[in-house]
Amino acid sequence: MAENTGELNMSVSSICRDKAGKKIAYVTFSDGVRNAEGRIPDCKITSNDGFAAIEVVELEKYMSSHLDEIKTMAANVNVLGAFMKK
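Figured I'd write up the structure that's included with this text. (Residues numbered from 1 in each chain as written. Predicted model: local features only at pLDDT ≥ 70, side-chain atom pairs only at ≥ 80, totals over all residues. Heavy atoms only, no water.)

What follows covers helix 2 (residues 67-75). Every buried residue belonging to helix 2 is among Leu67, Ile70 and Ala74, and all of these are buried. One side of helix 2 holds all its buried residues, which, seen down the axis, span an arc of 65 degrees. Along helix 2, exposed side chains directed more than 90 degrees from the buried face belong to Asp68 and Ala75. On its buried face, helix 2 sits against strand 1 (9-12), strand 3 (23-30), strand 4 (35-40) and helix 1 (53-65). (Buried < 20%, exposed > 50% of the residue type's maximum accessible area, 1.4 Å probe, protein only. Helix = DSSP H or I, 4+ residues; strand = E, 2+ residues; numbered from the N terminus. Arc of directions from axis to C-beta. Contact = heavy atoms within 4.5 Å.)

Structure representation (structure tokens):
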């Protein structure tokens, strides 16, 4: 069983496009036990496993208030770099 570390980690995907062609990125929050995934730029949690409703609201507020930073992170994700040998 995973252990809650007390630390909330966030990871950001690269920018991709949804079915309508709109640029989006996925943001994942995890503390080792609970996980939630959201989408920017709409800043909505799309899946949740373990976070309370009020915590989901706070995660959405966080995405919204840090949207520019998260967009920059997503723009700097190098997907192909994960497959390149150094």
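Right, let's talk about the pattern of salt bridges for a bit. Pairing is possible between side chains of opposite charge, provided their charged atoms come close. Following the criterion strictly, the structure yields 4 salt bridges and no others. The closest approach of N and O atoms between arginine 39 and aspartate 42, which form a salt bridge, is 3.5 Å. Residue class for arginine 39 comes out partly exposed when judged on its relative accessible area of 23%. In this structure, lysine 61 engages glutamate 58 in a salt bridge whose closest nitrogen and oxygen atoms are separated by 3.6 Å. One end of the pair is lysine 61 and the other is glutamate 58, both in helix 1 and 3 residues apart, which spans about a single turn. Given a relative accessible area of 43%, glutamate 58 falls into the partly exposed group. It is possible to trace a salt-bridge network through shared partners that takes in Asp31, Arg34 and Glu55. (Salt bridge = Lys/Arg side-chain N within 4 Å of Asp/Glu carboxyl O.)

Most peptide bonds take the trans configuration, and most residues that are not glycine carry a negative phi. Here isoleucine 40 and proline 41 are connected by a cis peptide whose omega angle stands at 15 degrees. With respect to the element layout, proline 41 can be found in the loop between strand 4 and strand 5 (44-49). The phi angle at cysteine 43 is positive, at roughly 55 degrees, despite the residue not being glycine. As for its placement among the helices and strands, cysteine 43 is situated in the loop between strand 4 and strand 5.

Within the element layout of this structure, alanine 52 appears in the loop between strand 5 and helix 1. Taking relative accessible area as the criterion, alanine 52 reaches 37% and is therefore assigned partly exposed. C-alpha of alanine 52 to C-alpha of arginine 34: the two residues are 18 residues apart in sequence and 9.9 Å apart in space.

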